[in-house]
Amino acid sequence: MKKSILTILMILSALIIFAYSGDLQYFYGYNFSDEASTTISGLKTNITLENSLDTLYYKLSLDLFKIKNGKDYFEFDSSDYSVFLPSEVYLIKPNIPWMLYVLNEVYADIYLDEATIRFGRFIQENGSSTLYSPSVLLSAHDGLNPFENYKTLPVEGINVNGYLGDYGYDLAIIPETFDDIPNFALYPKTINENILEENAATLTYQFTESKKAVEKTTEDLIAQLTAAGLDQNTINAMLADPELLKNAGLTEEQITQVYAGQTLMTLPSTYEVNTITANATDIDELSVENMNYAAKVSFNVLNYDLKLGFVHDHYHFMVPETINVKYSDDGTGVANTIMYRPARNSVTLDIQGVSNFFDSISYHGEAAFVMPEKTFVKVNTGYYIPDSKEPTKTTLTTSSTDVEIFDKYYIKAVGGLEYTKGEDFTLGIEAFNGLPTEELKDHISFGSDIYLKTKISNIAFEGLGLIAFSKINDEYKPGYMTNIKIAYSGIDNFEPSIQLKYAYSEDENHSLKPMEELNTISLNIKIYF
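Analysis parameters
Residues numbered from 1 in each chain as written. Predicted model: local features only at pLDDT ≥ 70, side-chain atom pairs only at ≥ 80, totals over all residues. Heavy atoms only, no water. Helix = DSSP H or I, 4+ residues; strand = E, 2+ residues; numbered from the N terminus. Buried < 20%, exposed > 50% of the residue type's maximum accessible area, 1.4 Å probe, protein only. Contact = heavy atoms within 4.5 Å. Areas by Shrake-Rupley, 256 points an atom, 1.4 Å probe, with all protein chains shown as cover. Pairing = 2+ DSSP bridges. Axes fitted to C-alpha atoms, helices over the stretch in contact; angles between N-to-C directions. Salt bridge = Lys/Arg side-chain N within 4 Å of Asp/Glu carboxyl O. 1 Å grid on protein atoms, 1.4 Å probe; cavity = no way out; pocket = protein on both sides within 12 Å on 5 of 7 lines; lining within 4 Å. Points joined across faces, edges and corners; volume = space filled by probe spheres on them. Nonpolar A, V, L, I, M, F, W, Y, C, P; charged D, E, K, R; others polar. Patch = residues over 30% accessible without salt bridge, like charges linked within 9 Å, V, L, I, M, F, W, Y side chains within 5 Å. Polar contact = N/O pair within 3.5 Å; in protein donor to acceptor, adjacent residues only side chain to side chain. Phe/Tyr/Trp six-rings, centres within 6.5 Å; stacked < 30°, edge-to-face > 60°. Lys NZ or Arg CZ within 6 Å of the ring centre and 35° of its normal. Expected span 1.5 Å × (residues − 1). Arc of directions from axis to C-beta. pLDDT = per-residue confidence, 0-100.

1. Brief notes about the overall build of the protein
Scanning the protein from terminus to terminus reveals four helices and 26 strands. Buried positions account for 40% of the 529 residues belonging to the protein. Considering only intrachain contacts with a sequence separation of at least 6, the fraction spanning at least 24 residues in the protein is 63%. In the form shown here, the protein has an accessible surface area of approximately 28700 Å², with 57% of it arising from carbon and sulfur atoms.

2. Digging into unusual backbone geometry
Note on backbone geometry: most residues besides glycine have negative phi, and most peptide bonds are trans. The backbone of D442 sits at a positive phi, close to 60°, despite the residue not being glycine. Take D442: it is sitting in the loop between β21 (425-433) and β22 (446-456). Backbone geometry at D474 places phi at a positive 65°, although glycine is not the residue there. Inspection of the secondary structure assignment puts D474 in the loop between β23 (459-472) and β24 (475-488).

3. Brief notes about the sheet that holds strand β18 (residues 376-386)
Read from one edge of the open sheet, five strands run β11-β15-β14-β18-β19, paired in mixed fashion. At either end of the open sheet lies a strand with only one pairing partner, and these are β11 (272-280) and β19 (394-404). Neighbouring strand axes in the sheet, compared pairwise and without regard to direction, differ in orientation by 15° on average. Relative to β18, strand β14 (residues 319-327) is paired through five bridges, and the arrangement is parallel. Each residue of the ladder has a partner; that of K326, found in β18, is G382.

4. Thoughts on the environment of L264
Mapped onto the elements, L264 comes out in helix α4 (residues 252-266). The class for L264 is buried, based on a relative accessible area of 12%. Between the C-alpha atoms of L264 and T392, which are 128 residues apart in sequence, the distance is 9.1 Å. Setting aside chain neighbours within four positions, we find L264 in contact with F207, S210, K211, V214 and P386.

5. Quick notes on the pattern of salt bridges
Using the criterion set out here, one finds 21 salt bridges in the structure. A salt bridge links R118 to D109, with the nearest nitrogen and oxygen atoms 2.7 Å apart. Its relative accessible area of 23% is what places R118 among the partly exposed residues. Take D109: its relative accessible area is 3%, and that puts it in the buried class.

6. Here's the deal with the layout of surface pockets
Roughly 810 Å³ of internal volume is contained in the second largest pocket. Looking at the second largest pocket, it is lined by 35 residues, and the ones nearest its centre are E125, N161, D170, K296 and K307. Taken together, the elements giving at least two residues each to the lining of the second largest pocket come down to β6 (115-122), β9 (155-164), β10 (167-174), β12 (292-301), β13 (304-314) and β16 (343-354). Counting residues per element, the lining of the second largest pocket draws most heavily on β12, at six residues. Of the residues belonging to the lining of the second largest pocket, the class tally is 13 nonpolar, 13 polar and nine charged.

7. Quick notes on a nonpolar patch on the surface
Residues I110, L112, F119, I158, I173, Y293, F310, V347, F369, Y409 and I411 make up a contiguous nonpolar surface patch of about 970 Å² in total accessible area. One can find I110 in strand β5 (residues 100-111). Overall, I110 belongs to the partly exposed group, its relative accessible area being 32%.

8. Here we look at the side chain of N46
Note that N46 resides in strand β2 (residues 37-52). Separated by 3.5 Å, the side chain of N46 and the backbone oxygen of L62 make a polar contact. At a separation of 2.8 Å, a polar atom in the side chain of N46 contacts the side chain of D63. Not counting chain neighbours up to four residues away, the residues in contact with N46 comprise S21, G22, D23, S61, L62, D63, N104 and F529.

9. Thoughts on the packing of aromatic side chains
Counted according to the given criterion, the structure contains 11 aromatic pairs. Here the aromatic residues F207, Y271, Y327 and Y383 are joined through ring pairs into a cluster of three or more. Across the ring face of Y315, the terminal group of R344 is positioned such that the distance to the ring centre comes to 4.5 Å.

10. Examining α4
In this model α4 runs 22 Å from its N-terminal to its C-terminal C-alpha over 15 residues, within 8% of the 21 Å that 1.5 Å per residue would give. Within the sequence span of α4, burial applies to I255, V258, Y259, G261, T263 and L264.

11. A look at helix α3 (residues 232-240)
For α3, the complete set of buried residues consists of I235, M238 and L239. With its buried residues spanning 95° around the axis, α3 presents them on a single face. In α3, the exposed residues that point more than 90 degrees away from the buried face are N233 and A240. Where α3 begins, the side chain of D231 points an oxygen toward the backbone nitrogen of N233, at a separation of 3.1 Å.

12. What about the side chain of S128?
Relative to the assigned elements, S128 resides in the loop between β6 and β7 (141-142). Residue classification places S128 among the buried positions, given a relative accessible area of 17%. Within the structure, S128 has its side chain in polar contact with the side chain of D350 (distance 2.6 Å). Discounting chain neighbours no more than four positions away, the residues touching S128 are D350, I351, Q352, H364, G365 and E366.

13. What to know about the confidence of the model for the protein
Averaged over every residue, the pLDDT of the protein is 84; residues scoring 70 or more account for 86%. Every residue in residues 70-99 scores below 50 in pLDDT, and together they form 74 contacts with partners more than four places removed in sequence or on other chains. Low pLDDT (under 50) marks residues 180-186, which in the prediction has 27 contacts with non-local residues, meaning those over four places away or in another chain.

14. Considering the pairing of β10
Pairing analysis gives seven bridges linking β9 to β10, with the strands arranged antiparallel. Bridging across to β10, Y163 finds its partner in G168. If you look at the hairpin formed by β9 and β10, you'll find two residues sitting between the two strands, and G165 has a positive phi there, around 65°.

The structure is reproduced here in structure tokens:
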């Protein structure tokens with residue numbers, strides 16, 4: 001009772017000290033994806049507290065939400081992925097009576113004469129593009145959030161921005177070595193499984209081909225002995241005891257090869273990894289190498305606003321650094337994977353401007369030239385082969401290969417033009433290289449999107465259509481996605497709407513295939529306070 005009273009008093013005190021605002025959002029929909037056809041509902045409230053003094057501004061923003069549905073991706077079980085996730089990452093925790101809460105922002109701004117210093121937990125601003133901002137790299141994104149499309153997740157650190165003459169600057173230092181879990185399909189499990197499947201398939205192929213070669217050599221030897229006038233019983237006796245082949249003129253080296261071939265035939269032809277363990281390097285150690293930071297300078301050239309930047313950060317997922325595989329003499333393997341969170345250096349560009357030839361036309365574009373710190377996974381494979389010194393026995397040998405998972409460098413970009421008429425009509429088209437979730441080698445799609453925002457009387461319409469071509473088995477195959485929202489805004493602080501989300505791709509390996517899990521039509525109600 002005392003705790004409840006204390007909590008209420010703290011909330012009332014905060015509301016008195018701070019100016020507050022927020023919204024309450026409810027949706028009820030039907031999910032018609034192939035994975036499950038079911039109803040889905042959710043309730044979320046955002047509470048924002050803020051205040052300002054002469055040279056100081058501070059803000060706190062908190063989301064509380066609850067979701068009720070039968071979809072597995074909202075019931076995220078971290079136990080299956082715990083080794084792939086940075087520790088101390090659980091900023092989303094159970095909270096009764098609400099299921100989850102998220103601390104969006106809590107920061108303070110200090111205003112100086114020519115600069116502003118922000119420190120705390122804050123959400124970075126997006127760039128000029130509409131689809132997504134490839135030049136903003138420090139923030140992770142939640143791609144499966146039912147309340148907000150591709151929600152930007154906060155970072156924790158210090159941001160300084162200001163002007164030096166005609167040039168603007170923006171510096172961000174993020175000392176944290178972890179961030180919130182982006183709710184996309186996790187890369188590490190896919191990478192790990194694909195590499196192990198390829199590893200086992202390669203060994204299976206090598207041993208199958210080697211055994212074919214042994215069989216062919218044995219057939220040639222039998223033919224040679226037959227041509228020399230030996231009968232089948234004598235040949236069989238020689239093959240059972242290759243030392244007798246000396247009588248047929250074979251050298252010691254040739255006899256050793258016969259022994260090795262016979263030993264090879266006793267080894268398995270099929271290899272498979274059936275036990276996988278994993279552990280992660282300590283990424284929570286505070287060091288300069290583990291920090292993320294960005295520096296950007298902005299200026300105007302020929303009436304175009306340009307922003308050039310350099311970013312050192314870490315990918316928002318973990319990947320294998322080393323995979324150690326050991327196969328037994330029956331072809332079954334045990335694999336141990338060491339995960340890490342790779343760093344990258346990127347040069348970024350953001351440009352936007354207004355057409356000098358056509359009224360109401362503007363241009364925008366963003367790009368990131370990304371250079372991963374390391375492009376490959378080291379795979380150490382142990383397996384049995386005939387012993388070269390004692391060819392009737394087997395010995396464990398180890399081979400090491402580098403499997404590339406990143407390109408040495410790659411470019412992600414979005415560029416387009418937009419037509420705007422007043423505040424009630426916007427039509428834009430963009431081309432892109434790379435979807436928001438794509439970073440891996442041979443997994444950078446290209447395509448185009450078109451979007452429309454218009455308002456007629458009290459009816460607002462928003463629509464996005466997208467086509468993306470993903471490289472699958474050396475072919476570029478299409479995938480499609482659309483988001484449509486129709487809202488009514490005739491009542492103050494009250495917005496009902498209907499929303500459709502739909503994605504489709506024929507190929508299971510297409511980048512848009514996971515988005516089919518969000519195929520939903522829903523009724524949404526949003527109240528502002």
